[in-house]
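# Coordinate analysis (summary)
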Amino acid sequence: MPLVRIDHSDARTNPAEIAGAVHDAIVAVYGIPVRDRFQILTARPATTIVAEDAGLGFERIDPVVIQIFTQRGRTDETKQELYAEIARRLETVGVAPEDVFIGYVENGPQDWSFGFGRAQYLTGELAVPAAKPVATVA
């Protein structure tokens with residue numbers, strides 16, 4: 001049950017498609033339920049998003065910044081699969097791959113409250129989700 005923040009410029013006219021593409025990628029790679037969706041979308045003036053190339057030699061034109069907050073336990077390979085799937089799906093809704101910037105933050109079951117001031121994973125009201133195993137290639 002990741003919590004996903006998506007920041008994009010107010011020049012983008014399809015925030016629902018962007019959010020949908022990111023969610024669909026997470027569902028596909030992590031195997032979470034479709035209705036396990038928590039997203040915060042923010043359109044802001046392009047001048048308030050600074051995402052330079054970090055020395056990789058490319059320019060971003062209209063960055064989409066994605067922050068994923070989720071429980072720890074997934075492999076580096078699975079995370080890389082997720083990043084690639086997000087970029088692939090965003091490209092289908094008009095976001096260039098070089099404009100996709102993802103920050104990934106892991107935490108534990110004690111770090112979530114879904115309401116009522118309780119940590120439902122700790123109280124047993126919700127089962128702690130298991131990480132989806134990654135298929136290995138022989």
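These numbers were taken from a predicted model, which means no experiment stands behind them.

### Some details on the nonpolar core
Counting residues in hydrophobic clusters, the biggest one holds 22 residues, and the most contacted among them are Ile-6, Val-22, Ile-66, Leu-82, Ile-86 and Leu-90. Mapped onto this core, the elements with two or more residues apiece are strand S1 (3-9), helix H1 (15-30), strand S3 (64-71), helix H2 (76-91) and strand S4 (100-107). Looking at this core, the element that brings in the most residues is H1, giving 9 residues. Filtering out sequence-adjacent residues up to four positions away, Ile-6 remains in contact with Ile-18, Ala-19, Val-22, Gln-39, Ile-40, Leu-41, Thr-42, Val-64, Val-65 and Ile-66.

### Structural notes on the sheet that holds S1
What the 4 strands build is an open sheet, ordered S2-S1-S3-S4; its pairing is mixed. A strand with exactly one partner marks an edge of an open sheet, and here the two such strands are strand S2 (38-44) and S4. Within this sheet the neighbouring strands show an average axis-to-axis angle of 15°, counted without direction. In the sheet, S1 pairs with S2 via 7 bridges, with the strands oriented parallel. Paired with His-8 across the bridge in S2 is Ala-43. Strand contacts of H1: S1, S2, S3 and S4, with the helix running at about 145° to S1, the strand carrying the most contacts. Against the sheet, H2 contacts S3 and S4, and its axis sits at roughly 145° relative to S4.

What counts as what
- Counting from 1, residues in each chain are numbered in the order their sequence is written.
- Given that this is a predicted model, residues contribute local features only at a pLDDT of at least 70 and side-chain atom pairs are listed and counted only at 80 or more, while totals for whole chains, interfaces and linings are drawn from all residues.
- Note: side-chain values were computed over all heavy atoms of the structure, leaving out hydrogens and water.
- By nonpolar core we mean a set of buried residues, namely Ala, Val, Leu, Ile, Met, Phe, Trp, Tyr and Cys, connected to one another through side-chain atoms within 4.5 Å.
- Summary of the burial criterion: residues with accessible area below 20% of their type's maximum are buried, those above 50% are exposed, and those between are partly exposed, where the area comes from a 1.4 Å probe applied to protein chains only.
- A run of H or I in DSSP counts as a helix once it spans at least four residues, and a run of E counts as a strand once it spans at least two, with each numbered from the N terminus.
- Note on definitions: a residue-residue contact is assigned when non-hydrogen atoms from the two residues lie within 4.5 Å.
- For two strands to be treated as a pair, DSSP must find at least two bridges joining them.
- Interaxial angles span 0 to 180 degrees and are taken between N-to-C directions of axes, which are lines fitted to C-alpha atoms, for helices over the stretch in contact.

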